[in-house]
Amino acid sequence: MPAPEIALTQRFQSAFAAAFGPEFADADPIIRPSQFADFQCNAAMGLAKRLARKPRDIAAEILAAVDLSDIAETPEIAGPGFLNIRLRTDWIAAQAADLSADSRLGVPSPESPDTVVVDYSAPNVAKEMHVGHLRTTVVGDSIVRTLEKLGHTVIRQNHIGDWGTPFGMLIEHLLEVGEDSAEADLLKSDPNAFYQAARAKFDAAEAAGAAEDGSDFASRARKRVSTLQSGDAESLRIWTNLVELSKQYFHRIYDMLDVTLTDEHLAGESSYNDLLEAVCEDLEAAGIARISDGALCVFPEGFLGRDEQPLPLIIRKSDGGYGYATTDLAAIRHRTTTLGANRIAYVVGAAQELHFQMVFSAAGEAGWLPGDVQAQHVKIGSVLGEDGKILRTRSGSSLRLMALLEEAVNTARTVIEELRPDLPEAEREQIAHDIGIGGVKYADLSTAHDSDYTFDLDRMLALTGNTAPYLQYAVARIRSISRKAEAQGITAAAAPRVENDAERALALALLEFGPTLTAVGAEFEPHRLCAYLFSLAQAFTAFYEASPILKESVEEIRAGRLALAQLCERVLVEGLDALGVNAPEQM
Ligand code: ARG
């Protein structure tokens, strides 16, 4: 089912070949939306350069060669050689009818589906998921949902921080408070409190100085790191318990957020432990890594430090320990070989840009990231407070994500209680969840993922503007129309009506769903889907103001408009689902 741009592109390319020769058959006709018509073809200027001729003459020749008779009215030449195209309304109507009969709503299937590994969320064990993790979680989940709708194979990887030196201190603290204690339970509800308590003990012990017999907390914590890393069974058991308790916390957050991550997607740093030695050996044997100042390092080409010296990616420290880079090299090798990925998205904070550039480059040199595999760091910007600084609580500690989400739902609850006091309590509760959580997620998704944004609940939950509640309200409105129609015995026509300007504009917007979703999956840019859905909802509002549905007396028109509205509902709901935002039945 061709969206207008696709159909127009085909016709123009045939015309280019006919008018200028077969070598022009794949020239880009540069079809863009236009304020003077529906679309413009902007190819004449570029072709004129290639052919060393006048753009307006080229435009005239294109016009003579192109056959759009069934799609559009005769285009007009404007300015230096733009072709203004107004689509035929009956053609739009036919496309809308196809769209409404298509269960994929015009989303094309990929010629050869990709296997995409999406590395997202990735919080750290025994630490609070902060608002930065909110974004990596929400954006990542929208990307996997979108790719799945497009028909790609998606492998979710939650690269949690579950290994490293802090675990010595955490294990010792867990042993001291008792594995079944209330303090241990903090790991499930307020992991930062647990972490801070362990940290405080460690710092106090450090300040007091080590005991001769090494019985002080800091010495024990350090010793625990090495027993853990050497595979000591008891240390591993306590570590597993620690991770287990943290997992429960992550899943409470994921459930609250309607995020699709489960235990089976966990591939934490520790899962690569057995592969790290081979990573180092193979890189050294291949001459890619070498010892520098006692540490084994890769110096990926083109990375220079401030001193203009090659920048090292340390893969084995001088004490023999492995770090974040080693794990990521093992992970990338695993992903391209064992998991068979041909695309990998790393949905991670923008601050880690250099790390990923160096890892990708080193992996490329090692042959673990072949040229036909695309690895991309989907850089995530910061969430800011009203003061323009990274969002924190007043005391300055990082904000509890759960508290933030609960606040969003509570605020949404007061909105819906005012809006719909008539609804049963349980339904209002569900709607409050959908609006509150949807509002927070949507605000995050509608901002370009690499831009910062200010956390502002009132704006996120507003019923107007580019917000989730605005879109949810549009859906609820159509559903309410459908319910009333049903009660009055009115059924929708088989095909949507596309005749007046508002119907036409709405139908045109609906045809853009497939191409938009495809672009979002190709570029990993959910904010483009948000912008699209917002303009679609606006087109619906304009349509509904101009074209009454149930109040329309002519039966045929009424039924055709109802079908158009219902098609719009399907696209809105599908689009919101790709973002991970629920659309309540009523509002
Ligand atoms: N745990 C890390 C953090 O909280 C993010 C890990 C991202 N993924 C990766 N493959 N390095 O910043």
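As the structure is a computational prediction, the values presented were derived from the model and not from experiment.

Asks: Would you explain the overall build of the protein chain in this entry?
Replies: The helix and strand inventory of the protein chain stands at 21 helices and 13 strands. For the protein chain, the spread of C-alpha atoms along the principal axes amounts to about 90 × 70 × 40 Å. For the protein chain, the proportion of its 587 residues judged to be buried stands at 52%. Sequence separation of at least 24 residues holds for 72% of the intrachain contacts in the protein chain that already meet a minimum separation of 6. Of the roughly 25500 Å² of accessible surface on the protein chain, 49% is carried by carbon and sulfur atoms.

Asks: I'm lost on helix 4 (residues 89–101) in this one. Help?
Replies: Because an α-helix packs 3.6 residues into every turn, residues spaced three or four apart end up facing the same way. Under the 1.5 Å per step criterion, the end-to-end length of helix 4 is 19 Å for 13 residues, consistent within 8% with the ideal 18 Å. What helix 4 keeps buried is the set Trp91, Ile92, Ala93, Gln95, Ala96, Leu99 and Ser100. On its buried face, helix 4 sits against helix 1 (4–20), helix 18 (501–511) and helix 21 (555–579).

Asks: Would you mind showing me how to read the site of the ligand here?
Replies: Taken together, Asp119, Ala122, Asn124, His133, His159, Tyr324, Asp328, Tyr346, Val348, Gln352 and Phe356 make up all the residues around the ligand. Here a nitrogen atom of the ligand sits 3.0 Å away from a polar atom, N or O, in the main chain of alanine 122. Here asparagine 124 contributes a side-chain N or O atom positioned 2.9 Å from a nitrogen atom of the ligand. In the complex, 89% of the free accessible area of the ligand, which totals 350 Å², lies under the protein chains.

Asks: Would you take a moment to explain the sheet that holds strand 10 (residues 343–349) for this structure?
Replies: Hydrogen bonds between backbone atoms are what pair the strands of a sheet, whose relative direction is either parallel or antiparallel. Strand order in the open sheet made by the four strands is 6-5-10-11, with parallel pairing throughout. If you trace the sheet from one side to the other, it starts and ends with strand 6 (153–157) and strand 11 (374–380), each paired once. In this sheet, neighbouring strand axes are inclined to one another by 20 degrees on average, regardless of whether the strands run parallel or antiparallel. Sheet strands in contact with helix 5 (residues 131–150) are strand 5 (115–119), strand 6, strand 10 and strand 11, and its direction is about 160 degrees off that of strand 10. Of the strands in this sheet, strand 5, strand 6 and strand 10 are in contact with helix 12 (residues 324–336), which crosses strand 10 at around 150 degrees.

Asks: Can you help me understand the pairing of strand 6 in this one?
Replies: Every regular strand shows the same layout, with side chains that alternate between the two sheet faces. Note that strand 5 and strand 6 share five bridges and pair parallel. Across the sheet, valine 118 pairs through a bridge with arginine 156, a residue of strand 6. In this region the chain leaves strand 5, passes through helix 5 and returns to the parallel neighbour strand 6; the handedness of that crossover is right-handed.

Asks: Got a minute to help me understand the sheet that holds strand 3 (residues 76–78) in this structure?
Replies: Read across the sheet, four strands follow the order 1-2-4-3 without closing on themselves; strand pairing throughout is antiparallel. Each edge of the open sheet carries a strand with a single partner, namely strand 1 (31–33) and strand 3. For this sheet, the mean inter-axis angle between neighbouring strands, taken without regard to orientation, is 35 degrees. For strand 3 and strand 4 (residues 82–85), the ladder comprises three bridges, and the chain directions are antiparallel. Pairing of glutamate 76 across the sheet is with asparagine 84, part of strand 4.

Asks: Teacher, can you tell me more about the side chain of aspartate 38 here?
Replies: Among the secondary structure elements, aspartate 38 is positioned in the loop between strand 1 and strand 2 (39–41). In terms of polar contacts, aspartate 38 uses its side chain to reach the backbone amide nitrogen of leucine 87, at 2.8 Å. With sequence-adjacent residues up to four places away left out, aspartate 38 is seen in contact with Arg32, Pro33, Ile85, Arg86, Leu87, Arg504 and Leu508.

Asks: How do you make sense of the side chain of asparagine 42 when you look at a structure like this?
Replies: The residue asparagine 42 is located in the loop between strand 2 and helix 2 (44–51) in this model. Excluding anything up to four places from it in sequence, asparagine 42 contacts Pro29, Ile30, Arg32 and Phe82.

Asks: How should I be thinking about the pattern of salt bridges in this particular structure?
Replies: Pairing of side chains with opposite charge becomes possible as their charged atoms draw close. Counted by the stated rule, this structure contains 35 salt bridges. Measuring nitrogen to oxygen at the nearest pair gives 3.7 Å for the salt bridge that ties aspartate 203 to arginine 199. Of this pair, aspartate 203 and arginine 199 are both found in helix 8 (residues 191–208), four residues apart, which corresponds to roughly one turn of the helix. The shortest N-O distance in the salt bridge between glutamate 425 and arginine 428 comes to 3.2 Å. Of the two residues, glutamate 425 and arginine 428 are both situated in helix 15 (residues 425–446); the distance of three residues between them amounts to about one turn of the helix. Here arginine 428 falls in the buried class, since its relative accessible area comes to 12%.

Asks: What's the story with the pairing of strand 4 in this structure? I'm lost.
Replies: Across three bridges, the pairing between strand 2 and strand 4 is antiparallel. When the sheet's bridge partners are listed, cysteine 41 is paired in strand 4 with leucine 83. Remark: three residues form the turn of the hairpin made by strand 3 and strand 4, two consecutive strands paired antiparallel; glycine 79 in that turn has positive phi of roughly 50 degrees.

Asks: Help me out: how do you make sense of the packing of helix 8 against helix 9 (residues 217–229) in this one?
Replies: Helix 9 packs onto helix 8 with a crossing angle of 115 degrees between their chain directions and a minimal axis gap of 7 Å. Contact with helix 8, carried on its side by Ala198, Lys201, Phe202, Ala205 and Glu206, involves Phe217, Ala218, Ala221 and Arg222 of helix 9 and no other residues of that element. Partitioning the contact of helix 8 with helix 9 into residue classes produces six nonpolar, no polar and three charged.

Asks: Would you explain the nonpolar core in this entry?
Replies: Nonpolar side chains in soluble globular proteins tend to be buried together. Core analysis: the biggest nonpolar cluster contains 151 residues, and Phe12, Leu87, Val118 and Leu572 have the highest contact counts within it. A per-element tally of this core places helix 10 (residues 233–257) first, with eleven residues. Excluding anything up to four places from it in sequence, leucine 572 contacts Leu471, Ala474, Val475, Ile478, Leu533, Leu536 and Ala537. Membership of the second largest hydrophobic core comes to 33 residues, among which are Tyr272, Leu276, Ile315 and Met358.

Asks: What should I look at first to understand the environment of arginine 316 in this one?
Replies: Following the sequence through the fold, arginine 316 ends up in strand 9 (residues 313–316). In the structure, arginine 316 is positioned 40 residues away from phenylalanine 356 in sequence and 17 Å away in space, judged by C-alpha atoms.

Parameters and conventions
- Residues numbered from 1 in each chain as written.
- Predicted model: local features only at pLDDT ≥ 70, side-chain atom pairs only at ≥ 80, totals over all residues.
- Heavy atoms only, no water.
- Helix = DSSP H or I, 4+ residues; strand = E, 2+ residues; numbered from the N terminus.
- Buried < 20%, exposed > 50% of the residue type's maximum accessible area, 1.4 Å probe, protein only.
- Contact = heavy atoms within 4.5 Å.
- Areas by Shrake-Rupley, 256 points an atom, 1.4 Å probe, with all protein chains shown as cover.
- Expected span 1.5 Å × (residues − 1).
- Near = heavy atom within 4 Å.
- Polar contact = N/O pair within 3.5 Å; in protein donor to acceptor, adjacent residues only side chain to side chain.
- Pairing = 2+ DSSP bridges.
- Axes fitted to C-alpha atoms, helices over the stretch in contact; angles between N-to-C directions.
- Right-handed = clockwise from strand over helix to strand, strands pointing away.
- Salt bridge = Lys/Arg side-chain N within 4 Å of Asp/Glu carboxyl O.
- Nonpolar A, V, L, I, M, F, W, Y, C, P; charged D, E, K, R; others polar.
- Core = buried A, V, L, I, M, F, W, Y, C linked by side-chain atoms within 4.5 Å.

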